[in-house]
Amino acid sequence: MTTHTLADSRTMLRRNLVHAKRYPGMTISMFIMPLVMLLMFNYIFGGALEKATGGSYIDYLVPGMMLIIPAYLVVGVAVAIASDMTKGIVNRFRTMPMAHSSILTGQVAGTVIQGVLGVGLMVAVAVLIGFRPDATIVEWLAAFGLIILVIFGLAWLGVGFGLAARTPEGASNTPTPLIFLPFLGSGLAPTDTMPAGVRQFAEYQPFTPLTETLRGLLMGTAIGGNGVVAVAWCLGFAVVGYLWSRSLFRRKTN
């Protein structure tokens with residue numbers, strides 16, 4: 001049974017990658033917008049914010065911006081799942097001798113692959129405009145391991161949003177608050193420069209420990225307890241998203 005499930009998941013993964021290749025609009029927009037924001041914050045606001053960060057602003061900015069792509073991908077996952085559910089494609093799959101759960105796991109796996117490629121592209125562009133990390137190979141591997149964990153967890157939340165939505169349009173709007181969280185943490189500016197209330201929210205929301213962990217791995221700053229908290233948030237996203245998605249999927253397909 002497990003072997004069949006893995007084989008079906010690979011088939012659904014291949015389907016999602018082929019779909020992304022043939023209809024690249026959504027995928028490209030998910031990558032282009034974060035790159036535009038990287039350039040905008042560095043060249044328009046970088047001069048003013050560099051004093052607050054106490055060093056090169058591009059070095060401070062990039063670890064936080066790397067998390068923008070996982071946040072944006074939630075929308076893509078939600079829309080893809082909602083489209084499959086509303087256009088009758090899932091009903092066709094249900095008539096086939098396949099593991100129905102592979103429809104969801106294939107989408108998540110495809111999202112992880114696309115997300116890693118997008119983050120890699122962002123890092124390459126950042127290096128071209130002055131990003132100079134001092135991470136070792138092990139630290140780079142740990143950083144991308146955390147990125148994979150973030151994308152995996154958020155992708156399952158995206159699946160839940162897609163299953164809960166009645167239309168693809170609704171699925172594109174529901175995750176919007178999640179997209180703003182990377183901007184409301186320590187990704188763009190230190191939290192101690194923020195007013196009370198905003199600072200407390202920024203310090204305790206999930207993207208701040210994620211950002212600080214990436215920043216510590218890539219730039220050598222102190223990580224402290226942020227690493228454990230970051231991994232805990234990722235696992236929490238994955239577990240909550242998976243259980244939520246499984247419940248909704250069973251309810252809609254039974």
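Refer to the preceding data block for the structure.
Fair warning: this is a prediction, and the values are worked out from it, not measured in the lab.

## A look at the overall build of the protein chain
For the protein chain, the helix and strand inventory stands at 12 helices and zero strands. The order of α-helices and β-strands along the protein chain, N terminus first, is α-α-α-α-α-α-α-α-α-α-α-α. Residues classed as buried in the protein chain amount to 49% of the 254 residues present. Within the protein chain, counting contacts between residues at least 6 apart in sequence, those at least 24 apart form 82% of the total.

## Some remarks on helix α11 (residues 207-219)
Each turn of an α-helix holds 3.6 residues, which means side chains three or four residues apart point in the same direction. Given a rise of 1.5 Å per residue, 13 residues ought to cover 18 Å, and the 17 Å separating the end C-alpha atoms of α11 matches this to within 8%. Where α11 ends, the next residue or the one after it, Gly 220, has phi of about 80 degrees, a positive value.

## Some points on the packing of helix α4 (residues 68-86) against helix α6 (residues 102-128)
Interaxial distance between α4 and α6 falls to 10 Å at its minimum, and their mutual angle equals 150 degrees. The chirality of how α4 crosses α6 is right-handed. For the pair α4 and α6, contact is made by Ile 69, Pro 70, Leu 73, Val 77, Ala 80 and Ile 81 and by Leu 104, Gln 107, Thr 111, Gly 115, Gly 118, Val 119 and Met 122, respectively. Split by residue class, the contact of α4 with α6 holds nine nonpolar, four polar and no charged.

## Thoughts on the side chain of Glu 212
Within the element layout of this structure, Glu 212 appears in helix α11. By relative accessible area, Glu 212 is classed as buried at 18%. Here Arg 215 takes part through its side chain, which lies 2.7 Å from a polar atom of the side chain of Glu 212. Excluding residues within four positions of it along the chain, Glu 212 makes contact with Ser 186, Ile 223 and Asn 226.

## Structural notes on the packing of aromatic side chains
In total, this model carries seven aromatic pairs according to the counting rule given. Their ring planes at 90 degrees and their centres at 5.2 Å tell us that Trp 156 and Tyr 242 sit as a pair that is edge-to-face. A residue pair is termed long-range when its members are at least 10 positions apart, and Trp 156 in helix α7 (residues 137-164) and Tyr 242 in helix α12 (residues 226-253) qualify at 86 residues. Take Trp 156: its relative accessible area is 6%, and that puts it in the buried class. Judged by centre distance (5.8 Å) and plane angle (35 degrees), the ring pair of Trp 233 and Phe 237 falls under tilted. Of this pair, Trp 233 and Phe 237 both sit in helix α12, separated by four residues, roughly a single helical turn. Each member of the aromatic cluster is reached from another via a ring pair, and the members are Phe 41, Phe 45 and Phe 183. For Arg 215, the ring lying beneath its charged end belongs to Tyr 60, and the centroid distance is 3.6 Å.

## Digging into the nonpolar core
Ranked by size, the top nonpolar core spans 55 residues in total, and within it Leu 38, Met 65, Met 66, Leu 154, Phe 207 and Leu 210 carry the most contacts. Listed by contribution, the elements that provide at least two residues to this core are α2 (25-53), α3 (57-65), α4, α6, α7, α9 (176-180), α11 and α12. By residue number, the principal contributor to this core is α4, which donates 10 residues. Setting aside chain neighbours within four positions, we find Leu 38 in contact with Ile 58, Leu 61, Val 62, Met 65, Met 122, Val 125, Ala 126 and Ile 129. Residues Ile 103, Ala 155, Leu 163 and Phe 249 belong to the second largest nonpolar core, which totals 11 residues.

## Some remarks on a nonpolar patch on the surface
On the surface, a nonpolar cluster with roughly 490 Å² of combined accessible area is contributed by Leu 39, Met 40, Tyr 43, Ile 44 and Phe 45. Mapped onto the elements of the fold, Tyr 43 is located in helix α2.

## Topic: the pattern of salt bridges
All told, the structure shown has one salt bridge when counted by the stated rule. With a closest N to O distance of 2.7 Å, Arg 215 and Glu 212 form a salt bridge. Here the residue Arg 215 and the residue Glu 212 both occupy positions in helix α11, the gap between them amounting to three residues, near one helical turn. There is no split in this pair, since Arg 215 and Glu 212 are both buried.

## Considerations on the packing of α6 against α7
As a packed pair, α6 and α7 sit with axes 9 Å apart at the nearest point and diverge in direction by 135 degrees. It follows from the interaxial angle that α6 and α7 lie oblique. The interaxial crossing formed by α6 with α7 has right-handed handedness. Residue-level contacts link Leu 104, Thr 105, Val 108, Thr 111, Val 112, Gly 115, Val 116, Val 119, Gly 120 and Val 123 of α6 to Trp 140, Phe 144, Ile 147, Ile 148, Ile 151, Phe 152, Ala 155, Trp 156, Val 159 and Leu 163 of α7. The residue makeup of the contact of α6 with α7, split by class, is 16 nonpolar, four polar and no charged.

Calculation rules
- Residues numbered from 1 in each chain as written.
- Predicted model: local features only at pLDDT ≥ 70, side-chain atom pairs only at ≥ 80, totals over all residues.
- Heavy atoms only, no water.
- Helix = DSSP H or I, 4+ residues; strand = E, 2+ residues; numbered from the N terminus.
- Buried < 20%, exposed > 50% of the residue type's maximum accessible area, 1.4 Å probe, protein only.
- Contact = heavy atoms within 4.5 Å.
- Expected span 1.5 Å × (residues − 1).
- Axes fitted to C-alpha atoms, helices over the stretch in contact; angles between N-to-C directions.
- Left-handed = near helix turned anticlockwise from the far one by under 90°.
- Nonpolar A, V, L, I, M, F, W, Y, C, P; charged D, E, K, R; others polar.
- Polar contact = N/O pair within 3.5 Å; in protein donor to acceptor, adjacent residues only side chain to side chain.
- Phe/Tyr/Trp six-rings, centres within 6.5 Å; stacked < 30°, edge-to-face > 60°.
- Lys NZ or Arg CZ within 6 Å of the ring centre and 35° of its normal.
- Core = buried A, V, L, I, M, F, W, Y, C linked by side-chain atoms within 4.5 Å.
- Patch = residues over 30% accessible without salt bridge, like charges linked within 9 Å, V, L, I, M, F, W, Y side chains within 5 Å.
- Areas by Shrake-Rupley, 256 points an atom, 1.4 Å probe, with all protein chains shown as cover.
- Salt bridge = Lys/Arg side-chain N within 4 Å of Asp/Glu carboxyl O.
- Parallel < 35°, antiparallel > 145°, perpendicular 65-115°, else oblique.

All quantities given are derived from atomic positions and should not be read as evidence of function.
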